Amino acid sequence: MGKVTIVETYEFKVPNREGGLTTVYGKIEKEGKFYYWNVSHHFKPCPAAGYYYPSKIASSISEAETWLKSYINTFTTDFIYNPNY
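Here goes a summary of the coordinates provided. (Residues numbered from 1 in each chain as written. Predicted model: local features only at pLDDT ≥ 70, side-chain atom pairs only at ≥ 80, totals over all residues. Heavy atoms only, no water.)

As for the packing of aromatic side chains
Between two aromatic rings, the relevant description is the distance of the centres plus the angle of the planes.
Right, on to step 1. In the structure shown here, the tally under the stated rule is two aromatic pairs.
Right, on to step 2. Summarising the aromatic geometry, the rings of Y10 and F12 are spaced 6.0 Å apart at their centres and angled 15° between planes, so their arrangement reads as stacked.
Right, on to step 3. Residue class for F12 comes out buried when judged on its relative accessible area of 16%.
Right, on to step 4. Between W37 and Y71 the ring centres are 5.6 Å apart and the planes differ by 50°, which places this aromatic pair in the tilted class. With W37 in strand β3 (residues 34–39) and Y71 in helix α1 (residues 61–73), this pair connects stretches of sequence that are 34 residues apart.
Right, on to step 5. Since its relative accessible area comes to 4%, Y71 is described here as buried.
Right, on to step 6. Lying over the aromatic face of W37, K56 brings its terminal NZ or CZ to 5.8 Å of the ring centre. (Phe/Tyr/Trp six-rings, centres within 6.5 Å; stacked < 30°, edge-to-face > 60°. Buried < 20%, exposed > 50% of the residue type's maximum accessible area, 1.4 Å probe, protein only. Helix = DSSP H or I, 4+ residues; strand = E, 2+ residues; numbered from the N terminus. Lys NZ or Arg CZ within 6 Å of the ring centre and 35° of its normal.)

This is the structure we're talking about:
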């Protein structure tokens, strides 16, 4: 296992059901030749569904950033999201 290095950190403000904003943090790490992205919260599309856990591996930092931002863009007040503990 190689050394893990945090390459980028992000802070997003996502509207919540109470009319406020939830702060969601993201980060991109590099280990060996791969990049991994992670977020502080996960979402599920409806109360009956399970939480959605996408693949979080990328071959470049730009690919990891695209996946991270795309995932965050799915967070809306119509979705339920909880901290990723």
